[in-house]
Amino acid sequence: PFFSMGLSTHCVPMSMYATHRAKLVQGLQAAKAVGVVLLQGVKDANRDDTDRSLLARQESYFAYLFGVTEPDCYATIDIANGTSTLFIPRLPAEYAIWMGKIQPPSQFQKKYAVGNVKFVDELEEFLQ
């Protein structure tokens, strides 16, 4: 898979983000770190007194390690084995009325080439 902002833009292979994650894990392992890296992406926000969302600019470290463009996501990287997990918001069925089809976790896993995809509401249990 590739990341691209349109037909006439450069295509960035998603493997680049996997390489960034692997370098992070390697550095943390060399420093004898243990545990999980937890990252929070940009939060979706509306313009004051409107139903319009502001343009979401992804958090820099989150973008560097995962390439995710959607807001309200989290991600983890297991330092022991480098496994990455992306946490996406569980959207209500009504979302599809205004914004189109709700993509399943498998679509995000394919799009971002991550090890696992879960919903944000499963994050607390995942970390225990």
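Whatever comes next refers back to the structure up there.
To start, this report covers the structure provided alongside it. (Residues numbered from 1 in each chain as written. Predicted model: local features only at pLDDT ≥ 70, side-chain atom pairs only at ≥ 80, totals over all residues. Heavy atoms only, no water.)

### Considerations on the pairing of strand β5 (residues 84–88)
Taken residue by residue, a regular strand's side chains alternate between the two faces of the sheet.
Part 1 of the argument: Within β5, five of the five residues are buried, leaving the element largely enclosed by the surrounding structure.
Part 2 of the argument: Residues of β5 alternate between two faces, with S84, L86 and I88 on one and T85 and F87 on the opposite face, all of them buried.
Part 3 of the argument: As defined by bridge partners, strand β4 (residues 74–78) adjoins β5 across four bridges and the pair is classed as antiparallel. Looking at the pairing, A75 lines up with L86 of β5.
Part 4 of the argument: Pairing between β5 and strand β6 (residues 116–119): four bridges, direction parallel. Bridge pairing in β6 places L86 opposite V117. (Buried < 20%, exposed > 50% of the residue type's maximum accessible area, 1.4 Å probe, protein only. Helix = DSSP H or I, 4+ residues; strand = E, 2+ residues; numbered from the N terminus. Pairing = 2+ DSSP bridges.)

### Side note on the side chain of S84
Part 1 of the argument: Secondary-structure assignment places S84 in strand β5.
Part 2 of the argument: Relative accessible area serves as the criterion here: at 5%, S84 is assigned to the buried category.
Part 3 of the argument: Looking at S84, its side chain comes within polar contact range of the main-chain nitrogen of G115, at 3.2 Å.
Part 4 of the argument: In this view, S84 contacts R21, F66, T76, I77, V114, G115 and N116; residues no more than four positions away in its chain are not counted. (Polar contact = N/O pair within 3.5 Å; in protein donor to acceptor, adjacent residues only side chain to side chain. Contact = heavy atoms within 4.5 Å.)

### Some details on the pairing of β4
Part 1 of the argument: Of all the five residues making up β4, four are buried; the element is thus mostly covered by neighbouring parts of the structure.
Part 2 of the argument: Where strand β3 (residues 36–40) meets β4, five bridges bridge the pair, whose relative direction is antiparallel. Within β4, the residue paired with V37 across the bridge is I77.
Part 3 of the argument: Taking the residues that link successive antiparallel strands as the turn, the β4-β5 hairpin has five residues, and the phi of G82 there is positive, at about 80 degrees.

### Describing the packing of aromatic side chains
Part 1 of the argument: Evaluated as defined, the whole model comprises three aromatic pairs.
Part 2 of the argument: The interplanar angle of 70 degrees and the centroid separation of 5.1 Å between the aromatic rings of F87 and F126 together place this pair among those described as edge-to-face. Of the two residues, F87 is situated in strand β5 and F126 in helix α5 (residues 123–127); the sequence distance between them amounts to 39 residues.
Part 3 of the argument: Classification of F87 as buried rests on a relative accessible area of 0%.
Part 4 of the argument: Under the relative-accessibility criterion, F126 is labelled partly exposed at 33%. (Phe/Tyr/Trp six-rings, centres within 6.5 Å; stacked < 30°, edge-to-face > 60°.)

### Topic: helix α1 (residues 15–30)
Part 1 of the argument: Its 16 residues place the ends of α1 22 Å apart at the C-alpha level, agreeing with the 22 Å of an ideal helix rising 1.5 Å per residue.
Part 2 of the argument: Those residues of α1 that fall on the buried side of the exposure criterion are Y17, H20, R21 and V25. Angularly, the buried residues of α1 cover 135 degrees about the axis, an arc narrow enough to put them on a single face. The exposed set on the far side of α1, more than 90 degrees from its buried face, consists of K23, Q26 and A30.
Part 3 of the argument: Residues of α1 that are buried in the fold lie against β1 (2–3), β2 (12–13), α2 (60–66), β4 and β5.
Part 4 of the argument: K32 occupies a position one or two residues after α1 and carries a positive phi of about 65 degrees. (Expected span 1.5 Å × (residues − 1). Arc of directions from axis to C-beta.)

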